[in-house]
Amino acid sequence: MSIKKVVAPEFEIAFLLPKYWLTWLSVFILYSVSWFPYSVQKSIGKLLGKLLKIIAKKRYNVAKRNLELSFPDFSQEKRQTILDANLDNAGMAVLETGMGWWWPTWRVTQKAEFEGYEHIEAILAKGNGVLAYAIHNMNLEFACRMAGLKYPSVVFYRKHNNRLMEYISYHGRKRSNKYMVHKRNVKGLISALDDGELCMYLPDQDYGRKKCEFTPFFAVPEVATTTGSLLFAKQANCETVFLVSVRTDNGYKIIVQPGLDNFPSDDDNYDVTRINQMIEKMIMLAPEQYLWMHKRFKTRPNTDDPSLYD
(Lines give C-alpha, C1' and ligand atoms only; values in the text may rest on other atoms or scores of the structure.)
Protein backbone atom coordinates (compact mmCIF):
# COMPACT_ATOMS: atom_id res chain seq x y z
CA MET A 1 0.00 0.00 0.00
CA SER A 2 1.37 3.41 -0.98
CA ILE A 3 1.62 5.72 2.03
CA LYS A 4 0.39 9.27 1.53
CA LYS A 5 3.15 11.33 3.10
CA VAL A 6 3.03 15.01 4.00
CA VAL A 7 4.40 16.93 1.02
CA ALA A 8 7.24 19.30 1.85
CA PRO A 9 6.03 22.92 1.53
CA GLU A 10 7.94 25.05 -0.97
CA PHE A 11 9.22 28.58 -0.53
CA GLU A 12 6.74 31.21 -1.74
CA ILE A 13 7.46 34.72 -2.96
CA ALA A 14 4.50 35.78 -0.83
CA PHE A 15 6.65 35.09 2.24
CA LEU A 16 8.42 38.38 1.51
CA LEU A 17 5.24 40.41 1.95
CA PRO A 18 4.88 42.71 4.99
CA LYS A 19 2.36 40.42 6.73
CA TYR A 20 5.19 37.92 7.28
CA TRP A 21 7.80 40.39 8.49
CA LEU A 22 7.02 39.86 12.18
CA THR A 23 7.30 36.09 11.65
CA TRP A 24 10.66 36.58 9.93
CA LEU A 25 11.85 38.73 12.84
CA SER A 26 10.80 36.11 15.39
CA VAL A 27 12.47 33.34 13.42
CA PHE A 28 15.66 35.40 13.01
CA ILE A 29 15.83 36.02 16.77
CA LEU A 30 15.21 32.35 17.57
CA TYR A 31 17.78 31.23 15.00
CA SER A 32 20.37 33.68 16.34
CA VAL A 33 19.82 32.66 19.96
CA SER A 34 20.16 28.98 18.98
CA TRP A 35 23.85 29.65 18.32
CA PHE A 36 24.46 31.07 21.79
CA PRO A 37 26.31 28.87 24.31
CA TYR A 38 23.93 26.41 25.92
CA SER A 39 24.48 27.89 29.39
CA VAL A 40 23.39 31.30 28.09
CA GLN A 41 20.29 29.79 26.49
CA LYS A 42 19.32 28.20 29.82
CA SER A 43 19.45 31.62 31.46
CA ILE A 44 17.38 33.15 28.69
CA GLY A 45 14.91 30.28 29.02
CA LYS A 46 14.32 31.13 32.68
CA LEU A 47 13.69 34.76 31.78
CA LEU A 48 11.19 33.68 29.13
CA GLY A 49 9.49 31.49 31.73
CA LYS A 50 8.98 34.49 34.01
CA LEU A 51 7.58 36.42 31.05
CA LEU A 52 5.16 33.59 30.26
CA LYS A 53 3.71 33.87 33.75
CA ILE A 54 2.63 37.39 32.80
CA ILE A 55 1.63 37.07 29.15
CA ALA A 56 0.20 33.55 29.33
CA LYS A 57 -1.71 33.84 32.59
CA LYS A 58 -4.48 31.49 31.46
CA ARG A 59 -2.01 28.72 30.67
CA TYR A 60 -0.26 29.33 33.98
CA ASN A 61 -3.57 28.90 35.79
CA VAL A 62 -4.30 25.70 33.84
CA ALA A 63 -0.95 24.26 34.92
CA LYS A 64 -1.61 25.27 38.51
CA ARG A 65 -5.04 23.63 38.45
CA ASN A 66 -3.72 20.44 36.85
CA LEU A 67 -1.14 20.09 39.61
CA GLU A 68 -3.83 20.63 42.26
CA LEU A 69 -6.02 17.94 40.72
CA SER A 70 -3.20 15.48 40.11
CA PHE A 71 -1.35 15.84 43.42
CA PRO A 72 -3.85 16.79 46.17
CA ASP A 73 -1.60 15.12 48.76
CA PHE A 74 1.34 17.37 47.91
CA SER A 75 1.76 20.47 50.03
CA GLN A 76 0.96 23.79 48.41
CA GLU A 77 4.64 24.68 48.64
CA LYS A 78 5.68 21.50 46.80
CA ARG A 79 3.17 22.09 44.01
CA GLN A 80 4.34 25.69 43.70
CA THR A 81 7.96 24.55 43.43
CA ILE A 82 7.00 22.22 40.57
CA LEU A 83 4.96 25.01 38.94
CA ASP A 84 7.81 27.52 39.12
CA ALA A 85 10.23 25.01 37.61
CA ASN A 86 7.60 24.16 34.99
CA LEU A 87 7.62 27.79 33.86
CA ASP A 88 11.41 27.69 33.53
CA ASN A 89 11.05 24.61 31.32
CA ALA A 90 8.29 26.24 29.27
CA GLY A 91 10.58 29.16 28.54
CA MET A 92 13.42 26.82 27.65
CA ALA A 93 11.08 24.87 25.34
CA VAL A 94 10.94 27.90 23.05
CA LEU A 95 14.71 27.81 22.65
CA GLU A 96 14.83 24.02 22.41
CA THR A 97 12.67 24.35 19.32
CA GLY A 98 15.42 26.38 17.66
CA MET A 99 18.02 23.92 18.88
CA GLY A 100 16.12 21.03 17.37
CA TRP A 101 15.55 22.74 14.05
CA TRP A 102 18.95 24.30 13.45
CA TRP A 103 21.70 22.81 15.59
CA PRO A 104 24.27 20.86 13.57
CA THR A 105 24.43 17.15 14.28
CA TRP A 106 27.72 17.36 16.18
CA ARG A 107 26.20 19.81 18.64
CA VAL A 108 23.07 17.69 19.18
CA THR A 109 25.29 14.65 19.76
CA GLN A 110 27.18 16.46 22.53
CA LYS A 111 23.98 16.88 24.52
CA ALA A 112 22.32 13.54 23.70
CA GLU A 113 22.17 10.47 25.90
CA PHE A 114 20.16 7.30 25.26
CA GLU A 115 18.96 4.58 27.58
CA GLY A 116 17.01 1.43 26.79
CA TYR A 117 17.25 1.55 22.99
CA GLU A 118 17.95 -2.16 23.00
CA HIS A 119 14.18 -2.65 23.35
CA ILE A 120 13.64 -0.90 20.01
CA GLU A 121 16.54 -2.70 18.37
CA ALA A 122 15.20 -6.11 19.44
CA ILE A 123 11.80 -5.43 17.88
CA LEU A 124 13.23 -4.06 14.64
CA ALA A 125 15.55 -7.08 14.38
CA LYS A 126 12.46 -9.29 14.18
CA GLY A 127 11.16 -7.28 11.24
CA ASN A 128 8.32 -5.74 13.23
CA GLY A 129 7.36 -2.11 13.47
CA VAL A 130 7.84 -0.22 16.72
CA LEU A 131 5.00 1.85 18.14
CA ALA A 132 6.60 4.16 20.69
CA TYR A 133 4.21 5.73 23.17
CA ALA A 134 5.75 9.09 24.09
CA ILE A 135 4.60 11.95 26.31
CA HIS A 136 4.41 15.71 25.97
CA ASN A 137 7.49 16.74 27.90
CA MET A 138 8.33 20.28 26.90
CA ASN A 139 11.70 19.41 25.36
CA LEU A 140 9.89 17.29 22.75
CA GLU A 141 11.08 19.27 19.69
CA PHE A 142 14.71 18.75 20.62
CA ALA A 143 14.06 15.16 21.69
CA CYS A 144 12.65 14.32 18.26
CA ARG A 145 15.84 15.63 16.68
CA MET A 146 17.87 13.51 19.11
CA ALA A 147 15.82 10.41 18.41
CA GLY A 148 16.57 10.77 14.72
CA LEU A 149 20.26 10.27 15.48
CA LYS A 150 19.42 6.70 16.47
CA TYR A 151 16.52 5.80 14.18
CA PRO A 152 14.66 8.30 11.98
CA SER A 153 11.01 7.85 12.84
CA VAL A 154 7.59 8.33 11.28
CA VAL A 155 5.31 10.76 13.08
CA PHE A 156 1.91 12.36 12.84
CA TYR A 157 2.01 15.95 11.67
CA ARG A 158 -0.36 18.92 12.04
CA LYS A 159 0.09 21.82 9.67
CA HIS A 160 0.74 25.30 11.04
CA ASN A 161 -1.86 27.97 10.29
CA ASN A 162 0.87 30.46 9.32
CA ARG A 163 2.21 29.33 5.91
CA LEU A 164 5.70 30.69 6.57
CA MET A 165 5.90 28.94 9.94
CA GLU A 166 4.60 25.80 8.24
CA TYR A 167 7.50 26.01 5.76
CA ILE A 168 10.10 26.60 8.48
CA SER A 169 8.78 24.10 11.02
CA TYR A 170 8.31 21.31 8.47
CA HIS A 171 11.89 21.56 7.24
CA GLY A 172 13.17 21.85 10.82
CA ARG A 173 11.30 18.74 11.93
CA LYS A 174 12.16 16.82 8.77
CA ARG A 175 15.80 16.79 9.89
CA SER A 176 14.91 14.26 12.58
CA ASN A 177 12.14 12.26 10.96
CA LYS A 178 12.07 9.73 8.13
CA TYR A 179 8.80 11.17 6.87
CA MET A 180 5.54 12.53 8.25
CA VAL A 181 1.89 11.64 7.78
CA HIS A 182 -1.12 13.85 8.42
CA LYS A 183 -2.53 13.48 11.93
CA ARG A 184 -5.77 12.03 10.53
CA ASN A 185 -4.02 9.56 8.23
CA VAL A 186 -4.48 6.52 10.43
CA LYS A 187 -3.98 4.06 7.56
CA GLY A 188 -0.69 5.76 6.72
CA LEU A 189 0.76 5.18 10.18
CA ILE A 190 -0.49 1.59 10.23
CA SER A 191 1.20 0.99 6.87
CA ALA A 192 4.45 2.48 8.18
CA LEU A 193 4.35 0.09 11.15
CA ASP A 194 3.67 -2.81 8.80
CA ASP A 195 6.78 -1.74 6.87
CA GLY A 196 8.87 -2.14 10.00
CA GLU A 197 9.26 1.55 10.84
CA LEU A 198 9.66 3.22 14.22
CA CYS A 199 6.56 5.37 14.76
CA MET A 200 5.80 7.84 17.54
CA TYR A 201 2.37 8.31 19.10
CA LEU A 202 1.49 10.56 22.05
CA PRO A 203 -1.58 9.27 23.93
CA ASP A 204 -1.40 11.60 26.93
CA GLN A 205 -3.70 14.48 25.95
CA ASP A 206 -7.45 15.02 25.98
CA TYR A 207 -8.58 14.24 22.43
CA GLY A 208 -12.27 14.54 23.24
CA ARG A 209 -15.14 12.19 23.92
CA LYS A 210 -14.94 10.26 20.64
CA LYS A 211 -12.99 6.98 20.84
CA CYS A 212 -12.02 7.31 24.48
CA GLU A 213 -12.38 5.50 27.77
CA PHE A 214 -12.68 7.24 31.13
CA THR A 215 -9.89 5.91 33.31
CA PRO A 216 -7.85 7.14 36.30
CA PHE A 217 -4.98 9.54 35.76
CA PHE A 218 -3.06 10.49 38.89
CA ALA A 219 -5.70 11.50 41.48
CA VAL A 220 -8.51 12.18 39.00
CA PRO A 221 -10.64 9.01 38.81
CA GLU A 222 -12.31 9.46 35.40
CA VAL A 223 -10.19 11.05 32.67
CA ALA A 224 -10.88 10.93 28.93
CA THR A 225 -8.16 8.65 27.55
CA THR A 226 -7.88 7.96 23.84
CA THR A 227 -8.28 4.43 22.54
CA GLY A 228 -6.55 5.50 19.33
CA SER A 229 -3.34 4.21 20.88
CA LEU A 230 -4.85 0.72 20.82
CA LEU A 231 -6.00 0.93 17.21
CA PHE A 232 -2.45 0.90 15.88
CA ALA A 233 -1.29 -1.83 18.25
CA LYS A 234 -4.21 -4.04 17.22
CA GLN A 235 -4.11 -3.58 13.46
CA ALA A 236 -0.42 -3.18 12.62
CA ASN A 237 2.43 -5.67 12.63
CA CYS A 238 4.17 -4.00 15.53
CA GLU A 239 5.22 -4.14 19.15
CA THR A 240 5.11 -1.28 21.64
CA VAL A 241 7.57 0.55 23.85
CA PHE A 242 7.34 3.65 26.02
CA LEU A 243 9.59 6.63 25.40
CA VAL A 244 10.28 9.74 27.46
CA SER A 245 12.80 12.56 27.11
CA VAL A 246 14.16 14.44 30.12
CA ARG A 247 16.49 17.37 30.46
CA THR A 248 19.45 16.53 32.72
CA ASP A 249 22.23 18.58 34.28
CA ASN A 250 24.44 17.82 31.27
CA GLY A 251 21.95 17.76 28.40
CA TYR A 252 19.07 15.47 27.46
CA LYS A 253 18.32 11.81 27.87
CA ILE A 254 15.83 9.67 25.94
CA ILE A 255 14.69 6.70 28.00
CA VAL A 256 12.98 3.72 26.35
CA GLN A 257 11.03 1.26 28.47
CA PRO A 258 9.58 -2.08 27.31
CA GLY A 259 5.93 -2.42 26.37
CA LEU A 260 3.20 -4.02 28.46
CA ASP A 261 2.62 -7.75 28.77
CA ASN A 262 -0.47 -9.25 27.13
CA PHE A 263 -1.04 -6.05 25.19
CA PRO A 264 -3.39 -5.22 23.69
CA SER A 265 -5.89 -7.41 25.49
CA ASP A 266 -9.61 -7.71 24.81
CA ASP A 267 -10.41 -5.01 27.36
CA ASP A 268 -9.84 -1.45 26.07
CA ASN A 269 -10.50 0.18 29.43
CA TYR A 270 -7.96 -2.07 31.11
CA ASP A 271 -5.39 -1.40 28.41
CA VAL A 272 -5.63 2.39 28.41
CA THR A 273 -5.62 2.34 32.21
CA ARG A 274 -2.27 0.56 32.05
CA ILE A 275 -1.02 3.08 29.48
CA ASN A 276 -1.98 5.91 31.84
CA GLN A 277 -0.11 4.20 34.66
CA MET A 278 3.02 4.05 32.52
CA ILE A 279 2.57 7.69 31.52
CA GLU A 280 2.36 8.63 35.20
CA LYS A 281 5.67 6.85 35.84
CA MET A 282 7.32 8.66 32.94
CA ILE A 283 6.01 12.03 34.09
CA MET A 284 7.29 11.47 37.61
CA LEU A 285 10.84 11.10 36.31
CA ALA A 286 10.75 14.90 35.92
CA PRO A 287 7.27 16.29 36.73
CA GLU A 288 8.46 19.87 36.30
CA GLN A 289 9.21 19.18 32.62
CA TYR A 290 5.73 17.95 31.66
CA LEU A 291 3.22 20.00 29.65
CA TRP A 292 0.85 20.79 32.50
CA MET A 293 -0.50 23.79 30.57
CA HIS A 294 -2.77 21.52 28.51
CA LYS A 295 -6.36 21.05 29.80
CA ARG A 296 -5.92 17.34 30.35
CA PHE A 297 -9.15 17.05 32.35
CA LYS A 298 -11.39 19.13 30.08
CA THR A 299 -13.71 16.33 28.84
CA ARG A 300 -15.96 15.18 31.68
CA PRO A 301 -17.55 11.72 31.99
CA ASN A 302 -21.01 13.25 31.60
CA THR A 303 -21.75 16.23 29.38
CA ASP A 304 -23.55 18.01 32.22
CA ASP A 305 -20.69 17.55 34.72
CA PRO A 306 -19.20 20.87 35.86
CA SER A 307 -15.83 21.88 34.43
CA LEU A 308 -12.80 21.24 36.60
CA TYR A 309 -11.28 24.51 35.37
CA ASP A 310 -13.94 27.01 36.52
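Below is a short write-up of the structure.

Quick notes on the rules
- Residues numbered from 1 in each chain as written.
- Predicted model: local features only at pLDDT ≥ 70, side-chain atom pairs only at ≥ 80, totals over all residues.
- Heavy atoms only, no water.
- Patch = residues over 30% accessible without salt bridge, like charges linked within 9 Å, V, L, I, M, F, W, Y side chains within 5 Å.
- Areas by Shrake-Rupley, 256 points an atom, 1.4 Å probe, with all protein chains shown as cover.
- Salt bridge = Lys/Arg side-chain N within 4 Å of Asp/Glu carboxyl O.
- Lys, Arg positive; Asp, Glu negative; His and termini not counted.
- Charge placed at Lys NZ, Arg CZ, Asp CG, Glu CD.
- Helix = DSSP H or I, 4+ residues; strand = E, 2+ residues; numbered from the N terminus.
- Pairing = 2+ DSSP bridges.
- Polar contact = N/O pair within 3.5 Å; in protein donor to acceptor, adjacent residues only side chain to side chain.
- Contact = heavy atoms within 4.5 Å.
- Axes fitted to C-alpha atoms, helices over the stretch in contact; angles between N-to-C directions.
- Parallel < 35°, antiparallel > 145°, perpendicular 65-115°, else oblique.
- Nonpolar A, V, L, I, M, F, W, Y, C, P; charged D, E, K, R; others polar.
- Buried < 20%, exposed > 50% of the residue type's maximum accessible area, 1.4 Å probe, protein only.
- 1 Å grid on protein atoms, 1.4 Å probe; cavity = no way out; pocket = protein on both sides within 12 Å on 5 of 7 lines; lining within 4 Å.
- Points joined across faces, edges and corners; volume = space filled by probe spheres on them.
- Disulfide = S-S within 2.5 Å.
- Expected span 1.5 Å × (residues − 1).
- Core = buried A, V, L, I, M, F, W, Y, C linked by side-chain atoms within 4.5 Å.

### Re a positive patch on the surface
There is a patch of like positive charges on the surface, built from Arg-158, Lys-183, Arg-184, Lys-210 and Lys-211. Its location among the elements puts Arg-184 in the loop between strand S4 (177-182) and helix H9 (186-194).

### A closer look at the pairing of strand S6 (residues 212-217)
Moving residue by residue along a regular strand, the side chains alternate between the two faces of the sheet. Summarising the sheet, S6 and strand S7 (residues 220-226) pair through five bridges and their orientation is antiparallel. Of the residues in S7, the one forming a bridge with Thr-215 is Val-223. What sits between S6 and S7 in their antiparallel hairpin is a turn of two residues, with Phe-218 showing a positive phi close to 50°.

### Some details on the side chain of Asn-89
With respect to the secondary-structure elements, Asn-89 resides in helix H4 (residues 76-102). At 2.8 Å, the side chain of Asn-89 forms a polar contact with the side chain of Arg-247. Beyond its immediate sequence surroundings of up to four residues, Asn-89 is in contact with Met-138, Arg-247, Glu-288 and Gln-289.

### Looking at the packing of helix H10 (residues 228-235) against helix H11 (residues 268-283)
At their nearest, the axes of H10 and H11 sit 10 Å apart, and the two run at 110° to each other. Between H10 and H11, the angle is such that the two are roughly perpendicular. Contacts between H10 and H11 pair Ser-229, Leu-230 and Lys-234 from the former with Asp-268, Asp-271, Val-272 and Ile-275 from the latter. A breakdown of the residues in the contact of H10 with H11 according to their chemical character gives three nonpolar, one polar and three charged.

### Section: a nonpolar patch on the surface
A grouping of Leu-22, Leu-25, Phe-28 and Ile-29 is seen on the molecular surface, where their side chains present a nonpolar patch of about 440 Å² in accessible area. In this structure, Leu-22 sits in helix H1 (residues 21-33). Taking the relative accessible area as the measure of exposure, Leu-22 reaches 62% and is therefore exposed.

### Topic: the layout of surface pockets
Empty space within the second largest pocket amounts to approximately 190 Å³. Forming the boundary of the second largest pocket are Lys-42, Gly-45, Lys-46, Ala-85, Asp-88, Asn-89, Met-92, Arg-247, Thr-248, Asp-249, Glu-288 and Gln-289.

### Some words on the pattern of salt bridges
By the definition in use, this model includes 10 salt bridges. Because the salt bridges share partners, they merge into one network encompassing Glu-113, Glu-115 and Lys-253.

### Comments concerning the state of the cysteines
Between two cysteines, a covalent bond joining their sulfur atoms is known as a disulfide. Scanning all chains against the criterion turns up zero disulfides. Here Cys-199 stays free of any disulfide, with the sulfur of Cys-238 as its closest cysteine sulfur at 8.2 Å. Note on Cys-199: relative accessible area 0%, which makes it buried. The exposure class of Cys-238 is buried, given its relative accessible area of 14%.

### Points about helix H8 (residues 163-174)
Here H8 spans 16 Å end to end across 12 residues, near enough to the 16 Å set by a 1.5 Å rise per residue. Of all the residues in H8, the buried ones are Leu-164, Met-165, Glu-166, Ile-168, Ser-169, Tyr-170 and Gly-172. Taken together, the buried residues of H8 touch H1, H4, strand S3 (153-157) and S4. Where H8 begins, the side chain of Asn-162 points an oxygen toward the backbone nitrogen of Leu-164, at a separation of 2.9 Å.

### Comments concerning the nonpolar core
If you look at the biggest cluster of nonpolar residues, it comprises 53 residues, and the most contacted ones within it are Leu-131, Tyr-133, Ile-275, Ile-283, Trp-292 and Phe-297. Considering each element in turn, this core owes the most residues, six residues, to H11. Sequence-distant contacts of Tyr-133, defined by excluding residues within four places in its chain, comprise Tyr-201, Pro-203, Ser-229, Leu-230, Ala-233, Thr-240, Val-241, Phe-242, Leu-243, Phe-263, Ile-275 and Met-282. The next biggest cluster of nonpolar side chains, apart from the first, holds 38 residues, and it includes Trp-102, Ala-134, Val-241 and Val-256.

### Observations regarding the side chain of Arg-247
Among the structural elements, Arg-247 can be located in strand S8 (residues 238-247). There is a polar contact of 3.5 Å between the side chain of Arg-247 and the side chain of Glu-96. The residues contacting Arg-247, other than those within four sequence positions of it, are Tyr-38, Lys-42, Asn-89, Met-92, Glu-96, Asn-139, Tyr-252 and Gln-289.

### Regarding helix H7 (residues 140-150)
Every buried residue of H7 is listed here: Phe-142, Ala-143, Arg-145, Met-146, Ala-147 and Gly-148. Packing partners of the buried residues in H7 comprise H4, helix H5 (105-111), strand S1 (112-115), strand S5 (198-201), S8 and strand S9 (252-258).

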